[in-house]
Amino acid sequence: RSIDLAAARAHCSEVHYRVAGKSYFAIGFRNDAGGWELRNRYFKGCTSKAPTTRRGDYPTCLVFEGFMDYLSFLTIRHKNSPAYPCIDWQDYIILNSTANVDKALYPLGEYEKIHCLLDNDKAGRKATQAIQKEYGWRVRDASHLYSRHKDLNDYLCQKSSLPEKQTQSAKQPKQEEKNKQSPGEKRKRGRRL
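Below is a summary of the structure that appears in this document. Note on numbering: residues in each chain are counted from 1, in written sequence order. Local features are withheld for residues below a pLDDT of 70 in this predicted model, meaning they are given only at 70 or higher, and side-chain atom pairs are given and counted only at 80 or more; totals for whole chains, interfaces and linings count all residues. In computing side-chain values, all of the structure's heavy atoms are included and hydrogens and water are not.

Quick word on helix 4 (residues 122–135)
Operational definition: Helix numbering and strand numbering both begin at the N terminus, where a helix is a DSSP run of H or I of at least 4 residues and a strand a DSSP run of E of at least 2. To estimate the expected span of a helix, count its residues, drop one, and scale the result by 1.5 Å. Working definition: with a 1.4 Å probe on protein chains only, accessible area under 20% of the residue-type maximum means buried, over 50% means exposed, and in between means partly exposed. Directions drawn from the helix axis to the C-beta atoms are what define this arc.
The end-to-end C-alpha distance of helix 4 is 20 Å, a good match for the 20 Å that 14 residues give at a rise of 1.5 Å each. Along helix 4, the positions that sit buried rather than exposed are G124, A127, T128, I131 and Y135. Seen along its axis, helix 4 keeps its buried residues to an arc of 100°; they face one direction. In helix 4, those exposed residues whose orientation departs by more than 90 degrees from the buried face are K122, K126, Q129 and K133.

Some thoughts on the pattern of salt bridges
To keep it simple, the criterion reads: Salt bridge, as used here, is a side-chain nitrogen of Lys or Arg placed within 4 Å of a carboxyl oxygen of Asp or Glu.
Tallied over the full model, the rule gives two salt bridges. Between E110 and R55 there is a salt bridge, with its nearest N and O atoms 3.0 Å apart. Remark: R55 occurs in the loop between strand 5 (52–54) and strand 6 (60–64) and E110 occurs in the loop between helix 3 (101–108) and strand 8 (113–117); sequence separation between them is 55 residues.

Quick notes on unusual backbone geometry
One non-glycine residue with positive phi stands out, namely D57, at about 65°. For D57, the position within the fold is in the loop between strand 5 and strand 6. Backbone geometry at N96 places phi at a positive 65°, although glycine is not the residue there. Within the fold, N96 resides in the loop between strand 7 (91–94) and helix 3.

Brief notes about the sheet that holds strand 5
The condition that has to hold: What makes two strands pair is DSSP finding at least two bridges between them. The axes are straight lines fitted to the C-alpha atoms, using for helices just the contacting stretch, and the angles between their N-to-C directions are given from 0 to 180°. Residue contacts are counted whenever heavy atoms from the two residues lie within 4.5 Å of one another.
Within the open sheet, the five strands sit side by side as 5-7-6-8-9. Their pairing is mixed. This sheet does not close on itself; its edge strands, each paired only once, are strand 5 and strand 9 (139–141). Within the sheet, the average angular offset between the axes of one strand and its neighbour, ignoring direction, is 20°. Of the pairings in the sheet, the one linking strand 6 to strand 8 comprises five bridges and is parallel in character. Within the sheet, the bridge partner assigned to F64 lies in strand 8 and is L117. Helix-sheet contacts for helix 2 (residues 67–80) involve strand 5, strand 6 and strand 7, and the interaxial angle to strand 7 is about 150°. Strands in contact with helix 4 are strand 6, strand 8 and strand 9; relative to strand 9, the strand with the most contacts, it is inclined by about 155°.

Quick notes on the environment of I3
Mapped onto the elements, I3 comes out in the segment before helix 1 (5–11). With relative accessibility at 17%, the residue I3 sits in the buried group. Counting along the chain gives 65 residues from I3 to M68, while the straight-line C-alpha distance between them is 8.0 Å.

Thoughts on the pairing of strand 6
How we decide: The handedness rule is simple: strands pointing away from the viewer, and a clockwise path from the first strand over the helix to the second, make the crossover right-handed.
Within strand 6, five of the five residues are buried, which leaves the element mostly enclosed by the surrounding structure. Burial along strand 6 is two-sided: T60, L62 and F64 facing one way and C61 and V63 facing the other are all buried. For the handedness criterion, the β-α-β arrangement of strand 6, helix 2 and strand 7 is classed as right-handed.

Quick look at the packing of helix 3 against helix 4
Inclusion rule: Each crossing gets its hand from how the near helix is turned against the far one by less than a right angle, where anticlockwise is left-handed and clockwise is right-handed. In this classification, Asp, Glu, Lys and Arg are treated as charged, Ala, Val, Leu, Ile, Met, Phe, Trp, Tyr, Cys and Pro as nonpolar, and every other residue, Gly included, as polar.
Closest axis-to-axis distance for the helix 3/helix 4 pair is 10 Å, and the angle between their directions is 35°. At the point where helix 3 passes helix 4, the crossing takes the right-handed sense. For the pair formed by helix 3 and helix 4, the contact residues are V101, L105, Y106 and L108 on the first element and A127, A130, I131, E134 and Y135 on the second. Considering only residue class, the contact of helix 3 with helix 4 consists of eight nonpolar, no polar and one charged.

Remarks on the nonpolar core
This is how it is decided: Grouping buried Ala, Val, Leu, Ile, Met, Phe, Trp, Tyr and Cys residues that are joined through side-chain atoms within 4.5 Å yields what is termed a nonpolar core.
Among the nonpolar cores identified, the biggest contains 21 residues, and F64, Y70 and Y92 are the most heavily contacted of them. When residues of this core are traced back to their parent elements, those giving at least two are helix 1, strand 6, helix 2, strand 7 and helix 5 (152–157). Ranked by the residues each element gives to this core, the list is headed by helix 2, at seven residues. Those residues in contact with Y92, other than ones at most four positions away along the chain, are T52, T53, R54, C61, L62, F64, Y70, F73, L74 and I87.

Structure follows, in structure tokens:
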């Protein structure tokens, strides 16, 4: 999944568990109910349903659908700016499922700015709309930053969710020529992760 191992080690644990007398293990990510979000090659589940919050008393909060997207964000920030990744300038809420959006609404009330980095699918859009309905202008849907991808982890892995034909046309060399900066031309400011 292209996740930075240092970020994964800082936020995840190896969890061993038993089901019907059989032993299993998975990557575990702790949630606010004291339970674990569990992921391995064969299983995706949890021991209790709850979001995960990372608070540092900042006016801005970033909202992610799952912990792989949160770890992808940290990885992208470290890759873009290894010396100064700016990961400590905002709080985080990881829903761990769009079913937990109602549980996240109350804690989100404290923030001046809320940036939703949810999946580019029906469930992700619905969860973003629920947060926007509650907090209006304070909410920014940031999923457009990876609009050609299923989610932030897909963006990190550069696995476009578009059909093959459209993906190839997006990679044509003419686009690169178009985006080159001319000598003396002022660089345009844009949004990035």
